[in-house]
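Residue strings, one per chain:
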Amino acid sequence: MHPLQFLVPLDQLAAVEPVIPFAILVLVLANFATRFLAHRSHVKQAKDGADELSRFLPHSFTSGGLVLVSFLYLLVEPHGGMVMTVLVVGMFLTDFFEFEARNVEARNDRPLDRPNGGLTASVLVLLYAAYQSLFFLVADVWNAVI
């Protein structure tokens with residue numbers, strides 16, 4: 001008997017387990033696109049003289065969805081899910097603090113910097129998500145070496 005069987009429908013999660021890494025990969029790529037659009041929106045708001053920037057809703061949705069799907073992945077694949085969840089939560093926290101940094105720059109009438117920390121964290125998440133989801137492409141070579 002699994003301790004989470006009463007809280008989480010593990011049988012239904014097991015049915016979609018092969019799709020979860022691909023969902024994470026798609027959400028990471030969507031997060032890159034929304035990050036670019038959010039930064040462009042923030043630059044436009046700052047040029048228009050806004051003291052307080054507004055959050056870009058699609059980016060918030062992709063970030064939140066990425067956190068939720070990484071927690072689902074943690075349930076079906078404990079080791080890979082833990083690494084993925086740590087990377088995704090780190091990216092989420094980086095996004096939060098970089099948004100606040102952009103607000104400070106907008107209030108002080110400074111030009112907005114690129115979200116370098118968020119981009120770095122996103123690249124790490126992308127690399128690990130690609131490794132988890134696309135490993136079947138290099139599995140034969142990888143297993144021959146190791």
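Residues numbered from 1 in each chain as written. Predicted model: local features only at pLDDT ≥ 70, side-chain atom pairs only at ≥ 80, totals over all residues. Heavy atoms only, no water.

Per an unreviewed UniProt entry, the recorded name for the protein chain is DUF7313 domain-containing protein, and the organism is Haloferax litoreum.

### Describing the overall build of the protein chain
When helices and strands are tallied, the protein chain shows six helices and zero strands. Taken from the N to the C terminus, the helices and strands of the protein chain come in the order α-α-α-α-α-α. If you line up the protein chain on its principal axes, its C-alpha atoms span 55 × 40 × 20 Å. Within the protein chain, buried positions represent 33% of all 146 residues. Long-range contacts, defined as pairs at least 24 residues apart, comprise 71% of the intrachain contacts of the protein chain with a sequence gap of at least 6. In the form shown here, the protein chain has an accessible surface area of approximately 9,100 Å², with 70% of it arising from carbon and sulfur atoms. Side-chain charges of the protein chain comprise 9 positive and 13 negative groups, with the mean position of each set lying 11 Å from the other. (Helix = DSSP H or I, 4+ residues; strand = E, 2+ residues; numbered from the N terminus. Buried < 20%, exposed > 50% of the residue type's maximum accessible area, 1.4 Å probe, protein only. Contact = heavy atoms within 4.5 Å. Areas by Shrake-Rupley, 256 points an atom, 1.4 Å probe, with all protein chains shown as cover. Lys, Arg positive; Asp, Glu negative; His and termini not counted. Charge placed at Lys NZ, Arg CZ, Asp CG, Glu CD.)

### Structural notes on the layout of surface pockets
Within this model, the largest pocket holds a volume of roughly 300 Å³. Lining the largest pocket are 16 residues; nearest its centre among them are His42, Arg55, His59, Asp95 and Phe99. Of all the elements in the fold, those that place two or more residues in the lining of the largest pocket are helix 2 (20–47), helix 3 (57–76) and helix 4 (78–107). Its residues assigned to classes, the lining of the largest pocket comprises six nonpolar, five polar and five charged. (1 Å grid on protein atoms, 1.4 Å probe; cavity = no way out; pocket = protein on both sides within 12 Å on 5 of 7 lines; lining within 4 Å. Points joined across faces, edges and corners; volume = space filled by probe spheres on them. Nonpolar A, V, L, I, M, F, W, Y, C, P; charged D, E, K, R; others polar.)

### Focus: the packing of aromatic side chains
Tallied over the entire structure, the rule returns five aromatic pairs. For the pair Phe96 and Phe97, a centre-to-centre distance of 5.3 Å together with 80 degrees between the ring planes defines the contact as edge-to-face. Judged by its relative accessible area of 53%, Phe97 is exposed. One aromatic cluster is present, built from ring pairs that chain together Tyr128, Tyr131, Phe135 and Trp142. (Phe/Tyr/Trp six-rings, centres within 6.5 Å; stacked < 30°, edge-to-face > 60°.)

### Let's talk about the packing of helix 2 against helix 3
One way to put it is that helix 2 packs onto helix 3 with a least axis distance of 9 Å and a crossing angle of 160 degrees. Comparing their axes, helix 3 and helix 2 come out roughly antiparallel. With respect to the hand of their crossing, helix 2 and helix 3 are arranged in left-handed fashion. Contacts between helix 2 and helix 3 involve Ile20, Pro21, Ala23, Ile24, Leu27, Val28, Ala30, Asn31, Thr34, Arg35 and Ala38 from the first element and Pro58, His59, Thr62, Ser63, Gly65, Leu66, Val69, Ser70, Leu72, Tyr73 and Val76 from the second. Residue classes in the contact of helix 2 with helix 3 are distributed as 14 nonpolar, seven polar and one charged. (Axes fitted to C-alpha atoms, helices over the stretch in contact; angles between N-to-C directions. Parallel < 35°, antiparallel > 145°, perpendicular 65-115°, else oblique. Left-handed = near helix turned anticlockwise from the far one by under 90°.)

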